[in-house]
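Chain by chain, the residues:
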Amino acid sequence: MTYLRRMQMSSSAGSVHVAVLGLGYVGCVSAACLAELGNRVTGIDRDQNKVSNVLNGMAPFFEPGLEQLVRENVAARRLTASTSLDAIQDADVALVCVGTPSEKNGNLGLDQLRRVVHDVAATLEARRKPLVVAIRSTVFPGTCEEIVLPLLNGSGLVSVVSNPEFLREGVAVKDFMEPSLLVVGGGDPEAVRLVASLYSPLPVTACLVSLRTAEMIKYACNAFHAVKISFANEIGALSARLNVDPGEVMATLCEDKKLNVSPTYLRPGFAFGGSCLPKDLRALTYRASRLDLRLPLLESALPSNVQHLQRAIDAVLELPARRLGVIGLAFKENTDDLRESPVVSLLEQLIGKGRQVRIYDPHIRLDAIYGSNRNFILQQIPHIGRLLDNSAEQLLEWCDHVVVAQKMPPDLASHVTRSGRPVTDLVGPALAYVAGPVPASVL
Ligand SMILES: NC(=O)c1ccc[n+]([C@@H]2O[C@H](COP(=O)([O-])OP(=O)(O)OC[C@H]3O[C@@H](n4cnc5c(N)ncnc54)[C@H](O)[C@@H]3O)[C@@H](O)[C@H]2O)c1
């Protein structure tokens, strides 16, 4: 008896009939593993070869551990396969695992998805029991709402959830059974719970999120992985060129679980600044260029930051406000360091475009800052002294719109709320100032 079977027997997972649509890498692994967890699974694929392989107890491709799972679960009659969608009539969940390959222009190809959902829709007329259509294929945010649901003709028996897959080929069975992440998104709590319950024997806590977040998270994860690999390779390449051991550098970097390998700095918010990050990135990329080493990822960090700052500035410039009260001047909270503060660039543009601005920062008193810090601000905004308020009261009384450019302590935040002034928050994770309508043709 496998350890998984023991886990499954000791769990409360019930037997659900799952139709897995598409028996490729994701679908076949999901089908075999869900059967191993005690569910009744029918794998459906238009490729007769893959279906025959499964029916004969064989994996349609090589993936460590898969063939044994297929063989045992077909023998135990928990797993079967078909080229026909008939089996879906009795299914509780249709797990859609068809391919979404790249089109020539890089766009995501949704032909297989449209086709298979269209085929599911055709079975709905004869249907008597509810069906949860769970999209496991990687699709762009909005696909479930804008493509899948309309194709299902708003049938009252059908709910749609997003349940992205995170497995890695080569360790796919292990990744399924020991998931790094489990995400189920949707607006129908019962449907979300049913899909999450399929995985309940596994050692993972399901993240239950909105439909669009579930779709986006897969892209966020893959982009993050790609950026991590490129980062390690660029730091490694520069280290090697400088006769420093790349492996030792990155291993030491990973020792820091507080700032480096942690959620720190992984929250959307305002642009970065300060006396270290921009300076050190410039020095690193300049040194690399002198060594004839191109480091596109590291070279793009400062331009990316400038773009992000400009989005914030553009949003503030568009505000229908006459008197803008900016909270925060230093590059972050709890410091009076003004060097390379993104707020200074924000103010320069606001003032340059003729906006009326006043500023309050709980830690900035012009008479108390000196040295390079003082020189920097007086060089950038020589009349800064006339724009600074000494108290939040002063600022809030004067302004008709608050721009939050620094994380506020709770008392200041409640002060701002009580003032009743409209607020544009540049530092909160919602990035509400960037949000806009999605063009209809985006999918
Ligand atoms: N391969 C991975 O490592 C991986 C990991 C995570 C997510 N994903 C995503 O999962 C999805 C599936 O990836 P894959 O690698 O398994 O794809 P795949 O191409 O290996 O498999 C897709 C299967 O769907 C079948 N199919 C297509 N249209 C069908 C239809 N109308 N009816 C029945 N079967 C149909 C195809 O015959 C094929 O067997 C993609 O969106 C992919 O981006 C893949």
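Refer to the structure printed above.
Read on for an overview of the structure. (Residues numbered from 1 in each chain as written. Predicted model: local features only at pLDDT ≥ 70, side-chain atom pairs only at ≥ 80, totals over all residues.)

### Description of the overall build of the protein chain
- Looking only at helices and strands, the protein chain features 17 helices and twelve strands.
- Each of the three principal axes of the protein chain carries a C-alpha extent, and together these read 80 × 55 × 45 Å.
- Within the protein chain, the proportion of its 443 residues that are buried is 32%.
- The contacts of the protein chain with a sequence gap of at least 6 include a subset with a gap of at least 24, amounting to 70%. (Helix = DSSP H or I, 4+ residues; strand = E, 2+ residues; numbered from the N terminus. Buried ≥ 20, exposed ≤ 12 C-beta atoms within 10 Å, placed from the backbone. Contact = placed C-beta atoms within 7 Å.)

### Let's talk about the site of the ligand
- In the vicinity of the ligand, 25 residues are found, and the nearest of them are G22, G24, V26, G99 and S137.
- Elements with a minimum of two residues in the shell around the ligand: α2 (25-36) and α5 (111-122).
- For the shell around the ligand, the element with the highest residue contribution is α5, accounting for four residues.
- In terms of residue class, the shell around the ligand is built from nine nonpolar, eight polar and eight charged. (Near = placed C-beta within 6 Å. Nonpolar A, V, L, I, M, F, W, Y, C, P; charged D, E, K, R; others polar.)

### Overview of the pairing of strand β4 (residues 93-96)
- The two faces of β4 match: V93 and L95 on one face and A94 and V96 on the other face are all buried.
- Across four bridges, the pairing between strand β1 (residues 17-21) and β4 is parallel. Counterpart to A19 in the pairing with β4 is A94.
- As judged from the four bridges shared by β4 and strand β5 (residues 131-135), these two strands associate in the parallel manner. When the sheet's bridge partners are listed, L95 is paired in β5 with A134.
- Traced from β4 through α5 to β5, the parallel crossover comes out right-handed. (Pairing = 2+ DSSP bridges. Right-handed = clockwise from strand over helix to strand, strands pointing away.)

### Quick notes on the nonpolar core
- Residues A94, V96 and V133 are the most contacted members of the largest nonpolar core, which totals 66 residues.
- Residue contributions to this core peak at eight residues, all from α2.
- In this view, V96 contacts L21, G22, L113, V116, V133, A134, I135, R136 and S137; residues no more than four positions away in its chain are not counted.
- L309, I313, I327 and L329 belong to the second largest nonpolar core, which has 33 residues in total. (Core = buried A, V, L, I, M, F, W, Y, C linked by C-beta atoms within 7 Å.)

### Some details on the environment of V434
- On the secondary structure map, V434 appears in the segment after β12 (423-425).
- Residues V434 and D314 lie 120 residues apart in sequence; the distance between their C-alpha atoms is 9.5 Å.

### A look at the packing of helix α11 (residues 277-290) against helix α12 (residues 296-317)
- Across the interface, α11 lies against α12 with an axial gap of 10 Å and an inter-helix angle of 145°. Once α11 is placed against α12, the crossing between them reads as left-handed. In this structure, α11 uses P278, L281, L284 and T285 to contact α12, whose residues at the interface are L298, E299, A301 and L302.
- Residues of the contact of α11 with α12, tallied by class, amount to six nonpolar, one polar and one charged. (Axes fitted to C-alpha atoms, helices over the stretch in contact; angles between N-to-C directions. Left-handed = near helix turned anticlockwise from the far one by under 90°.)

### So, the packing of α12 against helix α13 (residues 342-352)
- It is at 10 Å that the axes of α12 and α13 come closest, and there the two elements cross at 40°. One element, α12, and the other, α13, form an angle in the oblique class. In this structure, α12 meets α13 at a crossing whose hand is right-handed. Between α12 and α13, the residues in contact are L309, A312, I313 and V316 and P342, S345, L346, Q349 and L350, respectively.
- The residue makeup of the contact of α12 with α13, split by class, is seven nonpolar, two polar and no charged. (Parallel < 35°, antiparallel > 145°, perpendicular 65-115°, else oblique.)

### Here's the deal with unusual backbone geometry
- Backbone geometry places Y265, a non-glycine residue, at a positive phi of 70°.
- Inspection of the secondary structure assignment puts Y265 in the loop between α10 (246-255) and α11.
- Accessibility expressed as a C-beta count within 10 Å gives 10 for Y265, which makes it exposed.
- Phi is positive for L431, close to 45°, though the residue is something other than glycine.
- Turning to its location among the elements, L431 is positioned in the segment after β12.

### Here we look at the sheet that holds strand β10 (residues 356-360)
- As summarised here, the arrangement of the four strands in space is β10-β9-β11-β12, forming an open sheet in which the pairing is parallel. Whereas interior strands pair on both sides, the edge strands pair on one side only; in this sheet they are β10 and β12. Strand-to-strand twist of the sheet, defined as the mean angle between neighbouring strand axes without regard to direction, takes the value 20°.
- In this sheet, β10 lies alongside strand β9 (residues 323-327) in parallel orientation, the contact comprising five bridges. Within β10, the position partnered with I327 by the bridge is Y360.
- Each of β9 and β10 is contacted by α13, which is oriented at about 155° to β10, the strand it contacts most.

### As for helix α17 (residues 410-419)
- Of all ten residues that make up α17, one are buried, and the element is exposed over most of its length.
- Trailing α17 by a residue or two, G420 shows a phi angle of about 75°, which is positive.

### Examining the environment of D400
- As for its position among the elements, D400 is in the loop between α16 (392-398) and β11 (401-404).
- C-beta crowding within 10 Å serves as the criterion here: with 14 such atoms nearby, D400 is assigned to the partly exposed category.
- For D400 and P422, which are 22 residues apart along the polypeptide, the C-alpha to C-alpha distance reads 7.4 Å.
- What D400 contacts, discounting residues up to four positions off in sequence, is A321, R322, R323 and R421.

### Describing the pairing of β1
- Counting buried positions along β1 gives four out of five residues, so the element sits mostly inside the fold.
- Of the crossover connections in this fold, the one passing from β1 over α2 to the parallel strand β2 (residues 40-44) is right-handed.

### Notes on helix α4 (residues 66-75)
- Within α4, the full set of buried residues consists of L66, L69, V70, N73 and V74. The arc that holds every buried residue of α4, seen down its axis, measures 120°, which confines them to one face.
- Those residues of α4 that are buried are in contact with α2, α3 (48-55), β3 (79-82) and α7 (172-177).
- Positioned one or two residues after α4, R77 has a phi angle of 65°, which is positive. (Arc of directions from axis to C-beta.)

Purely spatial values, then, with no claim about function.
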